[in-house]
Every structure is written in structure tokens, then in C-alpha cells.
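# An overview of the molecular structure
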Amino acid sequence: MRQPVRSAALFSGKLPDFSTFSGNTEKEVKKAATQLLETSFRKAISASRANLAQLIHVALPVTLSRIIGSIAYVLEPMLVPFALVIAGYTTAAATGLYGKFAGMAVPLLLFPTFLTYSLSVSLVPAVAEAAYQKNAPLVHRRIYQAMRITLVIGAPCTVLLTIFAEPLCVLLYGSEYREVGVLLKELAPFSVFLFFQAPLAAALQGLDYAQVVFRNTLISAIVKTGAMFVFTAQPAFGIHGAVIATNIGITLGTLLHFASLTKKIGFTIDVWEFGKIGIAMLAMGYLGTYMAEQWFLHSSMGKLLFASTCISTLLYLVLLVAMRVLGKQDVRRIPWIGEQLAMFFPRR
């Protein structure tokens, strides 16, 4: 009985200490895992810092542009009534005039811009992708397509708001607010620049020139705010001075964006093609005015607007197709119904 016990004792004495070995191994594994996590975390932080810096480089100017626009809109309700009081209006009359301008005329002016807003949003990644690929012709083509589509959509809106400003305001607000139609009629011809402003800004942002958009926005906001006070304070202009200043701000901002794009990438437009759209606009405006004054003069306001709008818009589309500005490949891009409508259009 003693021999097995002695052998077991000897044998057990030669065995290594597995508990110590397993403890060391566990510590080494934990240490290696900790070092790996720390290394990965440092790399992630470094990459995140680079991405964050790039994101701030783009996002900060865009945010500042929005802030500048918001500040200008905050100052406007205080500035315009004050200028009208200086021009000789009572406080109640000044407040009422500004309400007609900012609360009735301007919303109608801005309403059609939703048609080009989605185009502006999609233009940023499209231009950024082409710029990343260093494909300059593709960059130019995408920006030009966006501008052409913007004009095709915005042109009839500009014409309709100009020639039907007063009937539209009477229909929406009542005959006692006919003066709102006069203000809208003065604003509407410059709405074509308003339609271009967002796509041009989106193109600059997609090309990593967001700081240029901020600079242009700041300049146009300062000029608009200053002009708004100077013109509105003149008794000869009154509330129409605010209209003049708004038109100056819209036009200046758009022209600055276009000049910046031309300077940065040498962007140009096909003047003849844009001229064709202008011809279609004039023909549409003439027909709409003629019908309103001759054919539907004694009709109800709703019938006048509906019939004149439909017939003049149809003429506009026919002229675009006839002059090969609008074709099958353009109509095919319309969601859901584009393929069905495209069969009725020739290729341009």
C-alpha cells in the first residue's frame, strides 16, 4: 500500500503548477486584448478626427449661411415697419403694409420653389461624386442639366405669377387685398433668379466651395437689408421699396453664385437653348394675357385662371417640344408616369 502512495507523491511533485500557468496566460491574453482595443480605439479616433474636420469644413459654412438668412429675416419685420414710419405712415398702417408684403405676397412667390428644392438636394451628391472622380465634363453636364430643368420648370411659374398676380390674390384673399397682387406682380419677374439660386448653391457645395456660398449669401443679405431700409424709408417708394430690395437681394445672390461657379470651374451655359425657353415664356405670357383680357374678361375668377393657365401652359410645352428643348429623354425621368408619357414626345 505504501508504494503507490510514494509513486503518486513523486509523480505529483514533478507536475508543473497548472494554476499558475493558466493565471499567467489569462493575464497575457487580457493585456494583449487591452492593447489591441487601445490601438483600434486610437486609430478610430484619428480617423474620426479627420472625418470630423472634413465634415465641419463643409457643414460650418452651410450652417452659417442659414444663420445669416435667419438673421436677415428676423431683422426684416423690425426694419421695414420702422422705415415706413419714417416715410410718413402711421404705426398701424406700416404694420398692415408689411403684413401684406411678407405674409401674403412673399409666400405666393416662394410657393413654386418646392419644385426645384428636391433637385437641389439631389444635385449635391451627384456633383460631389463626379468631382471626386475628377470627371470635369460630367460635373459640367450635371450642373447644366440641373439649370436647364430648373428653367423649364420655373419659367411657366414666373409667367403665371406675373400675368395673373392680381386675379390670383383676389381669388385667394378677396377683392379688398388687390394691392397684394400689385406687390406680387412686382416680385414675380425676378422669381426666375430665385429658382436658380438653390441649384447653384448646391453645385458649389458639392464642389466643396461651401465657404463661397456663405460669402455670397452674406453679401446679398447685407445689400438687401441696407437697400430695404433706404428705399422703404423714401415716401415715393413706401412698401414698394421692400419689393425693390427683395428683388435686388435675389438677383445679386444668384449672379454671385453663377459668377463663382464660372470662376472656379469655367462653367458656361448654352445661351441659344436658354433663349428658346425665353421665347416660349414670352409666347405663353402673351397668350395668357390675351385670353384673360379678351376671352374670359367677364368670366368668374376661378374659370379665368384655370382656363388661361391650362391653355397657355400647353402652348409653352408645345413650343419647347417644337424647338427641341424638351424631348423623350427628359420626360422619361419623370417618376412613375415618365415612361408612359415619353412615347408621345420625340427625341431632341
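Cut-offs and rules
Residues numbered from 1 in each chain as written. Predicted model: local features only at pLDDT ≥ 70, side-chain atom pairs only at ≥ 80, totals over all residues. Heavy atoms only, no water. Core = buried A, V, L, I, M, F, W, Y, C linked by side-chain atoms within 4.5 Å. Buried < 20%, exposed > 50% of the residue type's maximum accessible area, 1.4 Å probe, protein only. Helix = DSSP H or I, 4+ residues; strand = E, 2+ residues; numbered from the N terminus. Contact = heavy atoms within 4.5 Å. Axes fitted to C-alpha atoms, helices over the stretch in contact; angles between N-to-C directions. Left-handed = near helix turned anticlockwise from the far one by under 90°. Nonpolar A, V, L, I, M, F, W, Y, C, P; charged D, E, K, R; others polar. Arc of directions from axis to C-beta. Phe/Tyr/Trp six-rings, centres within 6.5 Å; stacked < 30°, edge-to-face > 60°. Polar contact = N/O pair within 3.5 Å; in protein donor to acceptor, adjacent residues only side chain to side chain. Salt bridge = Lys/Arg side-chain N within 4 Å of Asp/Glu carboxyl O. pLDDT = per-residue confidence, 0-100.

Looking now at the nonpolar core. Counting residues in hydrophobic clusters, the biggest one holds 47 residues, and the most contacted among them are Ile143, Leu151, Phe196, Leu261, Ile277, Tyr316 and Leu320. Sorting the residues of this core by element identifies α4 (114-132), α5 (136-163), α8 (191-206), α9 (210-232), α11 (271-295) and α12 (301-322) as the ones contributing at least two each. In terms of residue count, α5 provides more of this core than any other element does, eleven residues in total. If sequence neighbours within four positions are ignored, isoleucine 277 has contacts with Leu151, Val152, Ala155, Tyr316, Leu320 and Val325. Counting 27 residues, the second-largest nonpolar core is a separate cluster that includes Ala94, Tyr98, Ala105 and Ala245.

One can describe the packing of α5 onto α12 by two numbers: an axis separation of 11 Å at closest approach and a directional angle of 145°. Between α5 and α12 lies a crossing of right-handed hand. For the pair formed by α5 and α12, the contact residues are Leu151, Val152, Ala155, Pro156 and Leu160 on the first element and Thr309, Ser312, Thr313, Tyr316 and Leu320 on the second. Residue classes in the contact of α5 with α12 are distributed as seven nonpolar, three polar and no charged.

Once that is clear, we can look at helix α7 (residues 178-187). Of all the positions in α7, only Val180, Gly181, Leu183, Leu184 and Leu187 are classed as buried. One side of α7 carries all its buried residues, which in axial view fall inside an arc of 160°. Taken together, the buried residues of α7 touch α3 (91-110), α5, α6 (165-173), α8 and α10 (239-265).

Below, the discussion takes up the packing of aromatic side chains. One pass over the structure, following the stated rule, counts nine aromatic pairs. Ring geometry for phenylalanine 111 and phenylalanine 114: centres 5.4 Å apart, planes at 55°, overall tilted. Ring plane angle 80° and centroid distance 6.0 Å describe the contact between tyrosine 290 and tryptophan 295, whose orientation is recorded as edge-to-face. Here the aromatic residues Tyr144, Phe196 and Phe274 are joined through ring pairs into a cluster of three or more.

Let us look at the side chain of serine 65. Of note, serine 65 is situated in helix α2 (residues 18-86). Of the polar contacts made by the side chain of serine 65, one reaches the backbone nitrogen of phenylalanine 214; its length is 3.5 Å. Those residues in contact with serine 65 that lie beyond four places of it in its chain are Val213, Phe214 and Thr217.

Attention now moves to the environment of alanine 72. With respect to the helices and strands, alanine 72 occurs in helix α2. With 150 residues separating them along the chain, alanine 72 and isoleucine 222 place their C-alpha atoms 8.1 Å apart.

What follows is about the pattern of salt bridges. Within this structure, the stated rule accounts for four salt bridges. Note that glutamate 76 and lysine 224 form a salt bridge whose closest N and O atoms lie 3.5 Å from each other. Taken together, the residues span a long stretch of sequence, with glutamate 76 in helix α2 and lysine 224 in helix α9 at a distance of 148 residues. Neither residue differs from the other here; glutamate 76 and lysine 224 are each classed as buried. In this structure, arginine 142 and glutamate 129 form a salt bridge, with 3.6 Å as the shortest nitrogen-oxygen distance. Of this pair, arginine 142 sits in helix α5 while glutamate 129 sits in helix α4, placing them 13 residues apart in sequence. By relative accessible area, which is 42% here, glutamate 129 ends up partly exposed.

Model confidence for the protein is summarised by a mean pLDDT of 84, while 85% of its residues fall at 70 or above. Of all secondary-structure elements in the protein, the lowest mean pLDDT belongs to helix α1 (residues 2-14), at 45, while α10 reaches the highest, 95.

Inspection of the secondary structure assignment puts alanine 342 in helix α14 (residues 338-342). When the C-alpha atoms of alanine 342 and valine 331 are compared, they prove to be 5.4 Å apart, with eleven residues separating the residues in sequence. Apart from residues lying up to four places away in sequence, alanine 342 is in contact with Lys328, Val331 and Arg332.

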